[in-house]
Amino acid sequence: MTLNPAELVVVSNRLPLDVTFSDDGKVSYGRSPGGLVAALDPVLRQSGGAWVGWPGAPDFSFEPVELDGLTSIPVQLSGDEIAEYYEGFSNATLWPLYHDVITPPEYHREWHEAYRAVNYKFAVAAANVAAPGGTIWVHDYQLQLVPAMVRELRPDVRIGFFNHIPFPPEALFAQLPWRREILMGLLGADLIGFQRSQDAGNFRSCVRRLTGLTTRGHSILAPAPGGGRREVISGAFPISIDSASVDALARRPSVQARSRAIRAELGNPDRILFGVDRLDYTKGISHRLKAYEELLREGRLKVPGVVMVQIASPSRDNVSAYQALRDDVETTVGRIAGDFGSLGSPAIHYLHQNQPPEEMAALYLAADVMLVTALRDGMNLVAKEYVASRVDGRGALILSEFTGAADELRQAILVNPHDIDGLKAAILRATTLEVPRQRRRMQALRRRVLEHDVSAWASSFLRALAAS
Ligand code: G6P
């Protein structure tokens, strides 16, 4: 396929494409669902857009494909690159460092070399397809060197960067042996967006202390190619979900029927507690299990009146901290099941599986109490999905104050997940919250989530980028 120059190029580690291989060796491509794709779809179609990303398997590539007006351009990664750039530097160095060092980050020079080399592959692929004077929008911590690399290759394009995860305070970021290179990589952009103003503030103080560059309000004076200074803008752009689609899904009679069926399958308990997360140590799954276990042990919650459902979707399972977490969570789940369940009345249902969106919507509708207890999270879209699904205006959301979502969802029951007694009190409060109070809180939460959806987020970022 000959590539037409694209006015807007989105660059992210993963390509939003479902690739399936049939038994006869044929490969077929489908658009993968997801908020980011849905939000950018209209603007990408309008502008004849392109998406650059990794197709998700080692040594796998294909000719660029166009599906419904969007061209997907694969970046091929070898097994070694996946081990060093993706599992290593992205997910065993940057991910823990940017999430409050919940687990210790590992610093390896060869991982950093691979990160730099792979970032360059992404930058070249994006630079090759962008139209003259076009826009390149780079996403997330896996690709922080791409903005400066693209600026070298294509000084004519406008460059945006959005960080989906937190940006750490200077005291932690300063550990990174390649801290200056990362900051200068990001400063290749014209606009750098973060989830919370706290993240943007952390970034600017890192820039001041570690590069010596001057910041003024939201702007940073960065070196321009050929001397002089260029202005880089930084700010908070809290991401959201495709709220109207989630709301519509939850209104479907088939989803509502499935939700009632789930309740019956769980034995019609008085209260269903629900958690759904990628199996990641940032999500505080062990903290919520500990609180639940103690409440059962003390008899303050009783099976079969109460049941917990925990879905943990498989994630990064070649990284050792994720393997250790899985062992820990599954040991605790086994103990809770063994100590507090009886035949036909388990205390906890645990699924290490992904669920389709219809099943998720039904589960959200069935969940009397939603547990979001992340120790650190850039935003947390599960909290927003729960709210958008509660078309009945009921349910109680327990939300960690260490999530970006907590800045917006002030009517949730906010918790510090490290404080197990506080978490237990919040769970008891949520399980006994009267319906009028549930409705009052949920109404305010829904107003916020339905108004600030992902397309409002994308438009505000792209508007600010165009004006920068
Ligand atoms: C977080 C990151 C994303 C990442 C996702 C799934 O939300 O911000 O960039 O794609 O986790 O993780 P994975 O490593 O499977 O892509």
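All of these numbers come straight from a predicted model, not from anything done at the bench. (Residues numbered from 1 in each chain as written. Predicted model: local features only at pLDDT ≥ 70, side-chain atom pairs only at ≥ 80, totals over all residues. Heavy atoms only, no water.)

This paragraph deals with the sheet that holds strand 6 (residues 70-74). Each strand in a sheet pairs with its neighbour through backbone hydrogen bonds, running either in the same direction (parallel) or in the opposite one (antiparallel). Within the open sheet, the 10 strands sit side by side as 5-6-4-1-7-8-9-12-11-10. Their pairing is mixed. With one partner strand each, in any of the chains shown, strand 5 (65-67) and strand 10 (215-216) form the two edges of the open sheet. The sheet contact formed by strand 5 and strand 6 spans 3 bridges and is antiparallel. By the bridge assignment, E66 is partnered in strand 6 with T71. Packed onto the sheet, helix 4 (residues 146-153) meets strand 7 (130-139), strand 8 (158-162) and strand 12 (229-236) and runs at close to 170° relative to strand 8. (Pairing = 2+ DSSP bridges. Helix = DSSP H or I, 4+ residues; strand = E, 2+ residues; numbered from the N terminus. Contact = heavy atoms within 4.5 Å. Axes fitted to C-alpha atoms, helices over the stretch in contact; angles between N-to-C directions.)

Moving on, we come to the domain arrangement of the chain. A common way to state how big an interface is: give the accessible area lost once the parts meet. As assigned here, the chain comprises domain 1 (6-239 + 455-467) and domain 2 (243-452). For domain 1 and domain 2, the distance between their C-alpha centres works out to 31 Å. Counting residues at the interface gives 21 residues for domain 1 and 23 residues for domain 2. Roughly 1700 Å² is buried in total at the junction of domain 1 and domain 2, and carbon and sulfur atoms are behind 57% of that figure. Seen at the junction of domain 1 and domain 2, the total is 2 salt bridges. Between R196 and D407 there is a salt bridge whose closest N-O contact spans 2.8 Å. Applying the counting rule to domain 1 against domain 2 returns 9 residue pairs in polar contact (both at pLDDT 80 or more). Per-element accounting of the side of domain 1 that touches domain 2 gives the leading share, 7 residues, to helix 2 (residues 79-98). Partitioning the side of domain 1 that touches domain 2 into residue classes produces 12 nonpolar, 6 polar and 3 charged. (Domains from an automatic or database assignment. Buried area = accessible area lost by both parts, 1.4 Å probe. Salt bridge = Lys/Arg side-chain N within 4 Å of Asp/Glu carboxyl O. Polar contact = N/O pair within 3.5 Å; in protein donor to acceptor, adjacent residues only side chain to side chain. Nonpolar A, V, L, I, M, F, W, Y, C, P; charged D, E, K, R; others polar.)

A word on empty space enclosed by the protein. Going through the model one piece at a time under the given rule, you end up with 2 cavities of 30 Å³ or more. Estimates place the volume of the largest cavity at around 50 Å³. Where the lining of the largest cavity is concerned, the elements lending two or more residues are strand 17 (396-400) and helix 16 (435-451). If one sorts the elements of the lining of the largest cavity by residue count, helix 16 sits on top with 4 residues. Class assignment of the residues belonging to the lining of the largest cavity gives a composition of 7 nonpolar, 3 polar and 1 charged. Put simply, the second largest cavity is a space of about 30 Å³. Taken together, I262, L266, I272, F274, V309, L363 and A366 make up the lining of the second largest cavity. Among the elements of the structure, strand 13 (271-278) and helix 12 (357-366) are those that each provide at least two residues to the lining of the second largest cavity. (1 Å grid on protein atoms, 1.4 Å probe; cavity = no way out; pocket = protein on both sides within 12 Å on 5 of 7 lines; lining within 4 Å. Points joined across faces, edges and corners; volume = space filled by probe spheres on them.)

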